[in-house]
Amino acid sequence: MKPALRQLHDLLASMRFAIALLCVICIAAVIGTVMKQREPLPNYVNEFGPFWAELFGRLDLYTVYGAPWFLLILAFLVVSTSLCIARQLPKILRDWQDAKLKVRAQALRAHPHHAEAHWAMPLDASAQQLRERLSIQGWRVREDRREDPRDTGLLLAARKGKANKLGYLAAHSAIVLICLGGLLDGDLLVRATMAMQGKQLFEGRGEVQTRHVLETSTPGFRANLFVPEGSKGDIARIDLPGGTVWQRLPFELQLEKFIVEYYDTGMPKLFASEVVLTDAAGPRRARIEVNKPLLHQGYAIYQSSFEDGGSQVQLRVEPLEAGASTDLQGQIGGTALALAGTPYRLELAELRPINVEDFGQVQGAAEAASTPSRGLSRHLGSAAKARGEKTLRNIGPSLTYRLRDAAGQAREYHHYMVPTELDGQRVFLFGLRESVAETFRYLRLPADENDSLQGWLRLRRALGSPELREAAARAYASAAAPKPEVATQLVQTARRALDLFSGAEKVAGEDGPPGGLAALSAFLERDVPQAERERISEVLLRILNGSLLELDQLARAKAGVALPPADEARQRFMTQAVVSLSDAAFFPAPLLVTLQGFEQRQASVFQVARAPGQKLVYLGAVLLIVGVFAMLYVRERRIWVWLTPQADGSSQALLALSSARSGPDLDAEFQQLRTLIQP
């Protein structure tokens, strides 16, 4: 062999090289476990930022187990470990068969554990008794009689723990089998099949065509099969770096019924699918649960997750300014709906029929209007959380949707269908976030005396009407100031307060607050001396609250809705209305989409696996356990007893014990053997 090839062979066959590769694989496995694999790229950009997301993508850290460098390391580890086995196997086999019958008496005396005893019997009789004693103790004895004048006598040799040698082979063979199983169950076979069948990756542009669909002959893959209730599926999706390929299955899977049960926390404790699998042999009914897959002719079908399967929802579009409500029908995940009279398109993202929330950590919002300083500084975030004990409560269905404008920009909204009670007031929760990396910020819109959103919407639309604001300002001044000269000034103040609050008057142009209590705060900071601000702010808030109360009465009279009693519930409604109207000034959309009803349709996501390397991995795991146990807990020991005839017809026995691992156990065993050779 040439020197260069010899050096390469020695490198690959060295234990250090194999250990180094194994360490790299362990580090890669940690990365693959900690970092979510095969997520959409925007998720990584939101988590790590554009620079690191691109760098990690180039290193294939989002698909570690299918990355070319990872598969190459696995292949090198297979080669390296196989060469280690090939190098050590002849030595192990020779040592396995070698009874070590050629040792000399002088060498036995050199062992740390050795002892001598005198037997009055002849050599053959002594040897017979020693052989029987050792056999009773489980030692397999072999002997060698020597007639050399310089070394006359009989050598008894025995061994225990031969399986220790097999432990090395078993452990190293396990590494080879597990790595081979990983290569077979990775993306390698899928890539090879694509090359042989002439298939291409689907990169998300256009429609899926025949060149993107693998035939049923693919020897190994893991794919996701999405099946809504009442539907069938026979083509599964394989996500690969750079795109997707579709796998045709030799059977058809129909989801008859999806079953889900929840814990009190709202987390699913059981989800299962009742399915009908149909192939050339006919239909087969089965139930698939988490960790209870359906096995069928080399395929394993796992219950991976569940999603919405295209639920039908009934919606109502509520404009925040003047305008009529519009009823819509939509499908979750379906085609975007155009909203007439607006530049927006409505995308229905998710329907959740159950929402268990922790109300023990929701901070009250009533204090937002209790003091001028705090009330004037807060906006769009009155669902803040604070520390406290958990109070779990199911608050019913919710809808997540996106409003996409003409420029293609979208914001995500989250709406709960029914009101929930917070701080003694029933409120509707409307969430908003700019991207999926953010958490939702919620508007709390108070429910009226009919447990409806219409009371708040009526007041919000009235606030946008200059005529109603003027009428409310005059009504408030008339009720609060009987003197004409005082009433005229009060009308101007009330009108100014309503205009600022509604956003009709801008304090600092387009760069200033769009309205709400923040606009009043900016007005006070600009026009009122600091020493007078606290007193003036209290007066201004009183005028604002009174004017809004008059505005609500005018709006109800115009709509023909009776006034509710002037009780504590009415006061709580108006208090929360002030806060929510202030927050709504920062709400980016000119409308709300409310969920009126739905017909839920679930869908199961199955993982379909054809894993030719699975049995290799299982066998490797068994061999690894056996090998590690044999190397750690099976100790190889050898003993020799050298019997020398004496001139008076007696015999002298020399015992030696040897082991690769010394310790207290070996010392104790030697003491037992020492008594064994005593006559």
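Residues numbered from 1 in each chain as written. Predicted model: local features only at pLDDT ≥ 70, side-chain atom pairs only at ≥ 80, totals over all residues. Heavy atoms only, no water.

1. A word on the overall build of the chain
Thought 1: Per the secondary structure count, the chain includes 18 helices and 26 strands.
Thought 2: A globule of 679 residues ought to have a C-alpha radius of gyration of about 26 Å, yet the chain, at 41 Å, is considerably larger.
Thought 3: The buried share of the chain, reckoned over its 679 residues, is 43%.
Thought 4: Partitioning the intrachain contacts of the chain with sequence separation of at least 6 by distance along the chain shows that 64% fall at a separation of at least 24.
Thought 5: For the chain, the exposed area adds up to about 35,200 Å²; of that, 55% sits on carbon and sulfur atoms.
Thought 6: The averaged location of the 73 negative side-chain charges in the chain is 8 Å from the averaged location of its 79 positive side-chain charges. (Helix = DSSP H or I, 4+ residues; strand = E, 2+ residues; numbered from the N terminus. Rg over C-alpha atoms; globule rule 2.2 N^0.38 Å. Buried < 20%, exposed > 50% of the residue type's maximum accessible area, 1.4 Å probe, protein only. Contact = heavy atoms within 4.5 Å. Areas by Shrake-Rupley, 256 points an atom, 1.4 Å probe, with all protein chains shown as cover. Lys, Arg positive; Asp, Glu negative; His and termini not counted. Charge placed at Lys NZ, Arg CZ, Asp CG, Glu CD.)

2. As for the pairing of strand β11 (residues 299-308)
Residues in a regular strand project their side chains so that they alternate between the two faces of the sheet.
Thought 1: Summarising the sheet, strand β10 (residues 294-296) and β11 pair through 3 bridges and their orientation is antiparallel. Looking across to β11, one finds that L294 is bridged to I301.
Thought 2: Joining the antiparallel neighbours β10 and β11 is a turn of 2 residues, in which Q297 adopts a positive phi near 50°. (Pairing = 2+ DSSP bridges.)

3. Overview of the packing of aromatic side chains
Thought 1: One pass over the structure, following the stated rule, counts 16 aromatic pairs.
Thought 2: Seen from their ring centres, F221 and Y299 are 6.2 Å apart, and the 55° between their planes marks the pair as tilted. Here Y299 lies in strand β11 and F221 lies in strand β5 (residues 221-228), a separation of 78 residues in the sequence.
Thought 3: Between F251 and Y299 the ring centres are 5.6 Å apart and the planes differ by 80°, which places this aromatic pair in the edge-to-face class. Placement of F251 in strand β7 (residues 243-262) and of Y299 in strand β11 is noted, with a sequence separation of 48 residues between them. The same class applies to F251 and to Y299, which are both buried.
Thought 4: Members of the aromatic cluster, connected to one another through ring pairs, are Y44, F48, F51, W52, F56 and Y62. (Phe/Tyr/Trp six-rings, centres within 6.5 Å; stacked < 30°, edge-to-face > 60°.)

4. Looking at the packing of helix α12 (residues 466-480) against helix α13 (residues 484-502)
Thought 1: In contact at an axis separation of 8 Å, α12 and α13 are set at 140° when each is read in the N-to-C sense. The angle between α12 and α13 falls in the class oblique. Both α12 and α13 take part in a crossing whose hand is right-handed. On the side of α12, the interface is formed by R469, E470, A472, A473, R474, Y476, A477 and A480, while α13 contributes A487, L490, V491, A494, R495, L498, D499 and S502. (Axes fitted to C-alpha atoms, helices over the stretch in contact; angles between N-to-C directions. Parallel < 35°, antiparallel > 145°, perpendicular 65-115°, else oblique. Left-handed = near helix turned anticlockwise from the far one by under 90°.)

5. Brief notes about the side chain of D95
Thought 1: In this structure, D95 sits in helix α5 (residues 68-97).
Thought 2: If we skip the residues at most four places from it in the chain, D95 touches K100, R159, K165, E636 and R638.

6. What about the packing of helix α1 (residues 3-13) against α5?
Thought 1: Closest axis-to-axis distance for the α1/α5 pair is 7 Å, and the angle between their directions is 95°. On the basis of the axis angle, α1 is roughly perpendicular to α5. Between α1, through H9, D10, L12 and A13, and α5, the contact on the second element is made entirely by F76, V79, S80, L83, C84 and R87.
Thought 2: When the residues that make up the contact of α1 with α5 are grouped by side-chain class, the tally is 6 nonpolar, 2 polar and 2 charged. (Nonpolar A, V, L, I, M, F, W, Y, C, P; charged D, E, K, R; others polar.)

7. Overview of the confidence of the model for the chain
Thought 1: For the chain, the mean per-residue pLDDT works out to 88, and 95% of the residues sit at or above 70.
Thought 2: Low pLDDT, under 50, characterises residues 362-386; the stretch is placed with 54 contacts to residues that sit more than four places away or in other chains. (pLDDT = per-residue confidence, 0-100.)

8. Here we look at unusual backbone geometry
Thought 1: The phi dihedral of D423 is positive, around 55°, even though this residue is not glycine.
Thought 2: As for its position among the elements, D423 is in the loop between β20 (420-422) and β21 (425-433).
Thought 3: Given the relative accessible area of 48%, D423 is considered partly exposed.
Thought 4: The backbone phi angle of D451 is positive, close to 60°, even though this residue is not glycine.
Thought 5: As for its position among the elements, D451 is in the loop between β22 (441-446) and α11 (454-463).
Thought 6: According to the relative accessible area criterion, D451 is partly exposed, its value standing at 35%.

9. Let's talk about the sheet that holds strand β3 (residues 151-160)
Thought 1: Strand order in the open sheet made by the 5 strands is β1-β26-β25-β3-β2, with antiparallel pairing throughout. Of all strands in the sheet, those with a lone pairing partner are β1 (113-119) and β2 (140-148), marking the two edges. Here the average twist between neighbouring strands, direction ignored, is 15°.
Thought 2: Looking at chain direction, strand β25 (residues 637-645) and strand β26 (residues 651-659) are connected through 9 bridges and run antiparallel. By the bridge assignment, T644 is partnered in β26 with Q652.
Thought 3: Running over the sheet, helix α7 (residues 123-136) touches β1, β2, β3, β25 and β26 and is turned about 165° from β25.

10. Remarks on α12
Thought 1: For α12, with 15 residues, the first-to-last C-alpha span of 21 Å sits near the 21 Å given by 1.5 Å per residue.
Thought 2: Three or more residues of α12 are buried, namely L468, R469, A472, A473, Y476 and A477.
Thought 3: Contacts from the buried residues of α12 go to α11, α13 and α15 (530-559). (Expected span 1.5 Å × (residues − 1).)

11. Notes on the nonpolar core
Thought 1: Membership of the largest hydrophobic core comes to 59 residues, with the highest contact counts inside it found for L315, L346, L403, W456, L548 and L592.
Thought 2: Look past the residues within four positions of L548 in its chain and what remains in contact with it is L459, L463, L498, F501, M574 and V578.
Thought 3: Within the second largest apolar cluster, 28 residues are counted, among which are A18, Y44, F70 and L71. (Core = buried A, V, L, I, M, F, W, Y, C linked by side-chain atoms within 4.5 Å.)

12. Here we look at the environment of K292
Thought 1: By the element assignment, K292 lies in the loop between β9 (282-289) and β10.
Thought 2: Distance in space between the C-alpha atoms of K292 and A272 is 9.3 Å, their sequence separation being 20 residues.

13. A word on the pairing of β1
Thought 1: Residue alternation in β1 divides its side chains into a buried set, H113, A115, A117 and W119, and an unburied set, H114, E116 and H118.
Thought 2: In the sheet, β1 pairs with β26 via 7 bridges, with the strands oriented antiparallel. Following the sheet pairing, A117 is matched in β26 by A653.

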